[in-house]
Amino acid sequence: MNDIDNLLEKYFNGVSSTEEEKRLKNYFEGRGILPEHEIYRSVFAAFNTEKQIKAPVMTFPEKKTRRPAITRRIIILLAGSAAIGLLAVTFSNLQYARSQHPEYMVIVNGKQVVNQHKAQQYAEHMFSETDKIIENSYQLFREAATINQDLNAEKILKETDQKIECIKTNYKQ
Amino acid sequence: MKKLFSIMLITLVFSAVASAQQVEKLFDKYMEDERFNYIYRKGSAGSVLDRTDLENLKTDAFNIRFKSDRNKENEKMLILNSANESFQKSFMAEVNKALESDKFENTSYVRNGKDNRVSEYIRKSSDKMEEVRVIENGSGNVVLKWELYTIRKK
């Protein structure tokens, strides 16, 4: 028991080693504490508490921890999706607005023809005139195709052969 | 990295939409210009019989219209009536640039005389078809005609 008393004395004098403090701790955690030492139990019970109230260790975040948190990533993703969705809706609305023309729309030299009947007449006339010009321009193609057909060497030779054949037959008779 | 990706994606969407319809943008740009006449007709406007007053509506054309596997959605024209040949040239440069940008294919080009030209351009997708015709007569007159068709699924 003198051993424990000596250790206690060293401890309170602040000269005990770590090993000695450990022994004291084990002694006061155990069951065989002598009655004269009971008053010190609460002091040594503080060993564990002391451990618990240690200041948290300051840790510097590693590179990995710099990454955005999952919630932040989700927010970025949602924001991106929302932006794309908004764009899609905006442009589809624009397309819809574009498709909301009246049946005929005529603007002559910067002034819109408001009367739908007049707009229709004008539009039909102008589309007709334009179609005529286009039709006439392709007329040359059709004529060229006809000429090409007329000048087909194979066709000419075949027809000539038929004529010769016809003349020969007539001559024999 | 994510931010960069998001910015790239948004830029891509914007540029795709912005460069998609350059020809249509030309119509929007000049439809109210005093030098132009703008005419629009919805494909379903009036019945075909209402249009028989058109002198050039021929029987075979009539048949083609009904046998066709496409529906005309709408058509529009921009007619430039300007004596200013330099403006005609700059407008034609814009038209050609827009057609090129929208990836239209030049399917025919007819030149009648010195300055009269008719060009046809087509662009097809799985469900739509666009036809553009450009008529020039060299004295400041240009007709830009655009037709939109939807292709019927068989």
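Residues numbered from 1 in each chain as written. Chains lettered and ligands numbered in written order. Predicted model: local features only at pLDDT ≥ 70, side-chain atom pairs only at ≥ 80, totals over all residues.

Draft legend 1. The overall build of chain B, seen in detail. A tally of regular secondary structure across chain B gives 4 helices and 6 strands. Along the chain direction, N to C, the helices and strands of chain B fall in the order α-α-β-α-β-α-β-β-β-β. By the burial criterion, 21% of the 154 residues in chain B qualify as buried. For chain B, contacts bridging at least 24 residues in sequence account for 56% of all contacts bridging at least 6. (Helix = DSSP H or I, 4+ residues; strand = E, 2+ residues; numbered from the N terminus. Buried ≥ 20, exposed ≤ 12 C-beta atoms within 10 Å, placed from the backbone. Contact = placed C-beta atoms within 7 Å.)

Draft legend 2. Here's a closer look at the confidence of the model for chain B. Residue and element names in this part refer to chain B. The pLDDT averaged across chain B works out to 78; a share of 70% of its residues lies at or above 70. Here residues 49-60 is modelled with pLDDT under 50, and outside its nearest four sequence neighbours on either side it reaches 12 contacts, counting other chains as well. Two summary scores accompany this predicted model of the complex, namely pTM at 0.54 and ipTM at 0.74. (pLDDT = per-residue confidence, 0-100.)

Draft legend 3. Structural view of unusual backbone geometry. Phi angles above zero are rare outside glycine, and Asn109(A) is one such case at about 45 degrees. Structurally, the position occupied by Asn109(A) is in the loop between β1 (104-108) and β2 (111-112). Notably, Lys103(B) is not glycine yet its phi reads approximately 60 degrees, a positive angle. Tracing the chain through its elements places Lys103(B) in the loop between α4 (85-101) and β3 (105-112). Note on Lys103(B): 11 C-beta atoms within 10 Å, which makes it exposed.

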